[in-house]
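Now for the letters of each chain:
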Amino acid sequence: MDEFYRIKRLPPYVFAIVNDLKSKARARGEDVIDLGMGNPDHETPKHIVDKLVEAARNPRNHRYSASKGITRLRKAVTTWYRTRYGVELDPETEAIATIGAKEGMAHLALAVLQPGDGALVPNPTYPIHSYSVVIADGDLRSVPLVPGDDFFARLQETARLAWPKAKLLILSFPHNPTTACVDRDFFVKVVDFAREHHLMVVHDFAYADFTFDGYKAPSFLEVPGAKEVGVEIFSLSKSYNMPGWRVGFVCGNSTMIHALARIKSYLDYGAFQPIQIAAIIALEGEQGCVSDIVELHRKRRDVLVNGLNKIGWKVEKPKGTMFVWAPIPEEFRSMGSLEFSKLLIQECKVAVSPGIGFGEYGDGHVRFALVENEQRIRQALRGLKSLSGP
């Protein structure tokens, strides 16, 4: 019973070690400021919640729903793409609703990969990007995504050296955890690259709205030819403060969408229908709430990054995401990110995510999530300052 094949392929969840330390400290009555998980701390906007409540009171919405999402919701997301990016999508064949982005990513990998198929994935990256490939029995090929390096050149080199040739490329910009951002020309190169190497592309666009200082993130799908080679995943979790609602979408290439729909038809009946109805209101309703949510995180980013630099860390302000990707101060770097994260809980009462949890190339960094208010962030900074003395 302890020899399950797929479970054995999954490594220990590094974040669980930090979470266990945090839980034990809190059980002792210690006030630990948790900047680890990217779990939005504010409420979902009222007009979205109100629609959920209204729809939940209608008994017709209590039945099984549609595995690929109700038609009205798929039309809402295709309209969202047309309005924002000028992208035309067929809601019947080029869009599918998923139970959050992670579910969509994992089941898409299961649908399009066969055992041994290679997948090119940045390292470090959000864990589901790597482990969707592992769970699907694919062959994971890491592409270093590190500061000061040309990621696209690394991607070309990895694809050239890979044998057998990779079949899938997974990307995500603005990027979690590194906060790296790209321009539209990057995706033009990706489309050409995918055609040259006969690759399917999956772009996780979870932080589409989380951009700062005048930067606007491009959609992969706005590049001509993108739909011929891949899909894009969007989630309502961050833009609309709806993480626990579990609503996401996969849009683009009709063959890949069809494969995902086939897999999902065997596995689920879609999200609870009142949630889908409320998601329509999120996409089609007043969008000022999104701007407010992004501005809240920009202010937190400024407080944290300015504070870290003031106490001797060397951190650049990210142009995207709800995270700060911080190089470990030189005097502690030899510890590695896991031991350093343990030290921060024990000595500073601050929980962060160790970079090693996102891949070996992340080990020189820790990730701060902007999920506490400005006062608590300042309290965290006072704790971090104690590492280097008064």
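Scroll up to find the structure this text is about.
On a predicted model such as this, the values are computed, not experimentally measured, just so you know. (Residues numbered from 1 in each chain as written. Predicted model: local features only at pLDDT ≥ 70, side-chain atom pairs only at ≥ 80, totals over all residues. Heavy atoms only, no water.)

This part covers helix α8 (residues 184-197). Its 14 residues place the ends of α8 20 Å apart at the C-alpha level, agreeing with the 20 Å of an ideal helix rising 1.5 Å per residue. Residues of α8 that are buried: F186, F187, V190, V191, F193 and A194. On an axial view of α8, the arc spanned by its buried residues comes to 165°, and they lie on one face. Away from its buried face, by an angle of more than 90 degrees, α8 presents the exposed residues D185 and E196. On its buried side, α8 packs onto β3 (118-123), α7 (151-161), β5 (166-171), β6 (200-204) and α9 (226-229). (Helix = DSSP H or I, 4+ residues; strand = E, 2+ residues; numbered from the N terminus. Expected span 1.5 Å × (residues − 1). Buried < 20%, exposed > 50% of the residue type's maximum accessible area, 1.4 Å probe, protein only. Arc of directions from axis to C-beta. Contact = heavy atoms within 4.5 Å.)

Attention now moves to the packing of helix α2 (residues 14-27) against helix α14 (residues 337-348). In contact at an axis separation of 10 Å, α2 and α14 are set at 15° when each is read in the N-to-C sense. Accordingly, the angle class assigned to the pair α2 and α14 is roughly parallel. Taken as a pair, α2 and α14 cross one another with a handedness that is right-handed. In contact with V14, I17, V18, L21, K22 and A25 of α2, α14 contributes L338, S341, K342, I345 and Q346. (Axes fitted to C-alpha atoms, helices over the stretch in contact; angles between N-to-C directions. Parallel < 35°, antiparallel > 145°, perpendicular 65-115°, else oblique. Left-handed = near helix turned anticlockwise from the far one by under 90°.)

Turning our eyes to something else, we now look at the pairing of strand β12 (residues 365-369). Most of β12 sits out of view: 5 of its 5 residues are buried. Here β12 shows a buried face lined by H365, R367 and A369 and a second buried face lined by V366 and F368. Two strands pair when backbone bridges link them, and strand β9 (residues 323-327) and β12 are joined in this way by 5 bridges, in the antiparallel orientation. The residue of β12 that forms the bridge with W325 is R367. In the sheet, strand β11 (residues 353-354) pairs with β12 via 2 bridges, with the strands oriented antiparallel. Across the sheet, the residue bridging to S353 is R367, located in β12. (Pairing = 2+ DSSP bridges.)

Now for helix α13 (residues 288-310). With 23 residues, α13 extends 33 Å between its outermost C-alpha atoms, agreeing within 8% with the 33 Å of an ideal straight helix rising 1.5 Å per residue. Looking one or two places after α13, you find G312, whose phi comes out positive at around 105°.

What follows is about a nonpolar patch on the surface. On the surface, F4, I7, L10 and I135 cluster together into a nonpolar patch covering about 360 Å² of accessible area. Checked against the element boundaries, L10 lands in the loop between α1 (5-9) and α2. Using a relative accessible area of 31% as the deciding quantity, one classes L10 as partly exposed. (Patch = residues over 30% accessible without salt bridge, like charges linked within 9 Å, V, L, I, M, F, W, Y side chains within 5 Å. Areas by Shrake-Rupley, 256 points an atom, 1.4 Å probe, with all protein chains shown as cover. Salt bridge = Lys/Arg side-chain N within 4 Å of Asp/Glu carboxyl O.)

So, on to the packing of aromatic side chains. The geometry of two aromatic rings is summed up by the distance between their centres and the angle between their planes. Tallied over the entire structure, the rule returns 19 aromatic pairs. Relative to F205, the ring of Y85 has its centre 5.9 Å away and its plane inclined at 50°; by these criteria the two rings are tilted. In this pair, Y85 sits in helix α4 (residues 71-85) while F205 sits in the loop between β6 and α9, placing the two residues 120 residues apart along the sequence. Note on Y85: relative accessible area 14%, which makes it buried. Taking the relative accessible area as the measure of exposure, F205 reaches 0% and is therefore buried. With a centroid separation of 5.6 Å and 70° between ring planes, the pair formed by F186 and F187 is classed as edge-to-face. Take F186 and F187: they sit in the same class, and that class is buried. Members of the aromatic cluster, joined through ring pairs, are F151, F152, F173, F186, F187, F193 and F220. The side chain of R367 reaches across the aromatic face of F323, ending 3.9 Å from its centre. (Phe/Tyr/Trp six-rings, centres within 6.5 Å; stacked < 30°, edge-to-face > 60°. Lys NZ or Arg CZ within 6 Å of the ring centre and 35° of its normal.)

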